[in-house]
Amino acid sequence: MPQAVADPSQSVPANWRGVRVWLVIVAAMIVAMVLVGGATRLTESGLSIVEWKPVTGALPPRTEKAWNDAFEAYKTIPQYQQVNPRMSLDEFKTIFWWEWSHRLLGRTIGVVFLLPFLYFLWRGQLPSKLKTRLWLIFALGGAQGAVGWWMVASGLTGRTEVSQYRLAVHLMLAFAIYALIVWTLVRLTANSKPRPAAPAPLQWLINATAAVVALQLYFGALVAGLRAGRAYNTWPAIDGAFIPSTARLFFEEPWWRNFFDNVLTVQFTHRSLAYLLLAMTLAHLVQAIRMRADGAVIRGALLIALAMIVQAALGILTLLYLVPIDLALTHQAGAIVVLTLVLLQTERLSGKARTSGTPEAAPMMAVSGGRR
């Protein structure tokens, strides 16, 4: 198999561009999926489809009888009986379309990922390390469908909404898949100029920030699952004080359950992590400037700090206005922006130069003369 010679004037070889465009599209679709999922939650539509039919479920009801059958199935679950006993068929159709769209988008993402992936495999354009990572992403995507149904199933009997634990797992898995794709995209961006090693304090702080962002995303999912944003709608006070009483924060036994089940504790933790992240991102910016870091690092730190300020403001407004759907979805989109910027900065400071000699880039060059 002939080996292609890297063109130093071209930062990204032509045979990579298709792979990168494909992954960008998949990442964008995952963002849309997360936002549609958020809208599905906010409109209380997630339990409108009470069956899991991975193939035949792609088709919506097409006759009046089919719509009535779907509505009758919904009437058998506690959410209809206790929350929506007066819902009409037309109202049911509204929540049905939200959930159906969410599931259809998930199926579409699977197809959009798998078909080009198989094509790139057939062309021999993917090195073994990259193939392993992409197979992992595909497996996680398949698992996400099963986790989604596992989440929905928790709300079909014995309760009127899905488990916040399962919702958090579902959302965090979506973020994990998105993060893997973003990281893979960045690592595929070849650069012939090795980067200088970043100062250890900068690396440590951005890595710590990334960990806190992950924790904050998890608590954001719990806030959504418990509808905690619809309680304690004041700021900066919460439950009448900046820091609520210990008796109110930890009344459940054992004490650690409060971080998952106690609405006050979950919302207070979410707020506290936001304050911490704001401080960490501003500290990272100041640190980058004082250490005279590379211009790209300083710009990255500035973008993260600005995004975090906007995100904090969106969170406060969402809370004060009782979680209107437009503000809530904008806040969720802001979380994705912060996650993306932190991932990019983490990779930028990782100390691993993305050169044509990296384990991922070199095989890409070698296989550019694959199947035609």
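These figures come from a predicted structure and were not determined experimentally. (Residues numbered from 1 in each chain as written. Predicted model: local features only at pLDDT ≥ 70, side-chain atom pairs only at ≥ 80, totals over all residues. Heavy atoms only, no water.)

Peer 1: I keep staring at the side chain of Arg-187 and nothing clicks. Help me out?
Peer 2: Relative to the helices and strands, Arg-187 is located in helix H6 (residues 164–187). Arg-187 gets classed as buried once you look at its relative accessible area, which sits at 13%. Within the structure, Arg-187 has its side chain in polar contact with the side chain of Glu-347 (distance 2.4 Å). (Helix = DSSP H or I, 4+ residues; strand = E, 2+ residues; numbered from the N terminus. Buried < 20%, exposed > 50% of the residue type's maximum accessible area, 1.4 Å probe, protein only. Polar contact = N/O pair within 3.5 Å; in protein donor to acceptor, adjacent residues only side chain to side chain.)

Peer 1: I keep staring at the pattern of salt bridges and nothing clicks. Help me out?
Peer 2: Side chains that carry opposite charge are capable of pairing whenever their charged atoms lie near each other. Evaluated as defined, the whole model comprises 10 salt bridges. As a salt-bridge pair, Glu-161 and Arg-41 come within 4.0 Å of each other at their nearest N and O atoms. With Glu-161 in the loop between helix H5 (128–153) and H6 and Arg-41 in helix H1 (residues 14–42), this pair connects stretches of sequence that are 120 residues apart. Here Arg-41 falls in the buried class, since its relative accessible area comes to 14%. (Salt bridge = Lys/Arg side-chain N within 4 Å of Asp/Glu carboxyl O.)

Peer 1: Even after reading the chapter, I still don't get the nonpolar core, so can you show me in this structure?
Peer 2: Counting 88 residues, the largest nonpolar core has Trp-22, Leu-23, Phe-92, Leu-134 and Ile-181 as the members making the most contacts within it. Among the elements that line this core, the one with the most residues is H6, at 13 residues. Ignoring anything within four residues of it in the chain, the contact list for Leu-134 reads Trp-22, Leu-23, Phe-113, Phe-117 and Leu-126. (Core = buried A, V, L, I, M, F, W, Y, C linked by side-chain atoms within 4.5 Å. Contact = heavy atoms within 4.5 Å.)

Peer 1: Whenever I open this one, the layout of surface pockets confuses me. Can you help?
Peer 2: Picture a little ball the size of a water molecule; that probe, rolled over the atoms, points out where space is still empty. Of the volumes computed, that of the second largest pocket is approximately 370 Å³. Together, 19 residues line the second largest pocket, and Ile-49, Glu-51, Lys-53, Leu-59 and Phe-96 are the ones closest to its centre. The dominant element in the lining of the second largest pocket, judged by the number of residues it contributes, is helix H4 (residues 89–123), at five residues. Here the residues of the lining of the second largest pocket sort into 11 nonpolar, three polar and five charged. (1 Å grid on protein atoms, 1.4 Å probe; cavity = no way out; pocket = protein on both sides within 12 Å on 5 of 7 lines; lining within 4 Å. Points joined across faces, edges and corners; volume = space filled by probe spheres on them. Nonpolar A, V, L, I, M, F, W, Y, C, P; charged D, E, K, R; others polar.)

Peer 1: Just to check I follow, could you spell out H4 for this structure?
Peer 2: Counting along an α-helix, one turn takes 3.6 residues, and residues three or four places apart therefore face a common direction. Compared with an ideal rise of 1.5 Å per residue, which puts 35 residues at 51 Å, H4 spans 50 Å between its outermost C-alpha atoms and is within 8% of the ideal. The first or second residue beyond H4 is Gly-124, which carries a positive phi of 70°. (Expected span 1.5 Å × (residues − 1).)

Peer 1: Would you take a moment to explain the packing of helix H10 (residues 263–290) against helix H11 (residues 295–320) for this structure?
Peer 2: Two quantities define a packed helix pair, namely the angle between the axes and the distance from one axis to the other. Put simply, H10 and H11 touch, their axes get as near as 9 Å, and they point 155° apart. Regarding the angle of H10 to H11, the classification is roughly antiparallel. For the pair H10 and H11, the sense of crossing is left-handed. Where H10 approaches H11, its residues Gln-267, Arg-271, Ala-274, Leu-277, Leu-278, Thr-281, Leu-282, His-284, Leu-285, Ala-288 and Ile-289 are matched on the opposing element by Val-297, Ile-298, Ala-301, Leu-302, Ile-304, Ala-305, Met-308, Ile-309 and Leu-319. Classifying every residue of the contact of H10 with H11 by side-chain character gives 16 nonpolar, three polar and one charged. (Axes fitted to C-alpha atoms, helices over the stretch in contact; angles between N-to-C directions. Parallel < 35°, antiparallel > 145°, perpendicular 65-115°, else oblique. Left-handed = near helix turned anticlockwise from the far one by under 90°.)

Peer 1: Just to check I follow, could you spell out the packing of aromatic side chains for this structure?
Peer 2: Here a ring pair, both rings aromatic, is described through the centre-centre distance and the interplanar angle of the planes. Under the defined criterion, the tally for this structure stands at 27 aromatic pairs. A centroid spacing of 5.9 Å and a plane angle of 90° characterise the contact between Phe-71 and Tyr-80, whose relative ring orientation is edge-to-face. With relative accessibility at 13%, the residue Tyr-80 sits in the buried group. Ring-pair connections join several aromatic residues into one group, and the members of that group are Trp-22, Phe-113, Phe-117, Tyr-119, Phe-120, Trp-122, Trp-135 and Phe-138. Lys-75 extends its terminal NZ or CZ atom over the ring of Phe-71, reaching a point 4.5 Å from the ring centre. (Phe/Tyr/Trp six-rings, centres within 6.5 Å; stacked < 30°, edge-to-face > 60°. Lys NZ or Arg CZ within 6 Å of the ring centre and 35° of its normal.)

Peer 1: Just to check I follow, could you spell out the side chain of Asn-262 for this structure?
Peer 2: Counting through the fold element by element, Asn-262 comes out in the loop between helix H9 (258–261) and H10. Of the polar contacts made by the side chain of Asn-262, one reaches the backbone nitrogen of Leu-264; its length is 3.0 Å. Among the polar contacts listed, one links the side chain of Asn-262 to the side chain of Thr-265, at a separation of 3.1 Å. If we ignore the near neighbours within four places in the chain, the residues touching Asn-262 are Arg-248, Leu-249, Phe-250, Phe-251, Glu-252 and Arg-257.

Peer 1: So what exactly am I meant to see when it comes to H10 here?
Peer 2: Counted at 1.5 Å a residue, the expected span for H10 with its 28 residues is 40 Å, and the 41 Å between its end C-alpha atoms agrees. Between a side-chain oxygen at the N-terminus of H10 and the backbone nitrogen of Leu-264 the separation is 3.0 Å; the capping residue is Asn-262. Backbone geometry just after H10 places Arg-292 at a positive phi near 55°.

Peer 1: Is there a simple way to explain the confidence of the model for the chain in this structure?
Peer 2: Here the chain averages 90 in pLDDT, while 88% of its residues score no lower than 70. Mean pLDDT values for the elements of the chain range from 44 in helix H13 (residues 361–366) up to 98 in H10. Throughout residues 1–12 the model reports pLDDT below 50, and contacts reaching past four residues in sequence, or to other chains, amount to 14 contacts. (pLDDT = per-residue confidence, 0-100.)

Peer 1: Sorry, what's going on with the packing of H5 against H6 here?
Peer 2: H6 packs onto H5 with a crossing angle of 160° between their chain directions and a minimal axis gap of 9 Å. For the element pair H5 / H6, the angle class is roughly antiparallel. You can see that H5 and H6 cross each other, and the crossing is left-handed. Here Leu-130, Arg-133, Leu-136, Ile-137, Leu-140, Gly-141, Ala-143, Gln-144, Val-147, Gly-148, Trp-150 and Met-151 of H5 come into contact with H6, specifically with Arg-166, Leu-167, Val-169, His-170, Leu-173, Ala-174, Ile-177, Leu-180, Ile-181, Trp-183, Thr-184 and Arg-187. Across the contact of H5 with H6, the residue classes break down as 16 nonpolar, five polar and three charged.

Peer 1: How should I be thinking about the environment of Leu-202 in this particular structure?
Peer 2: Assignment of secondary structure puts Leu-202 in helix H7 (residues 200–226). Of the residues examined, Leu-202 reaches a relative accessible area of 0% and is grouped as buried. Leu-202 sits 86 residues away from Ala-288 along the chain, and the two C-alpha atoms are 6.9 Å apart. Apart from the residues within four sequence positions on either side, Leu-202 is in contact with His-284, Gln-287, Ala-288, Met-291, Ala-293, Val-297 and Leu-349.

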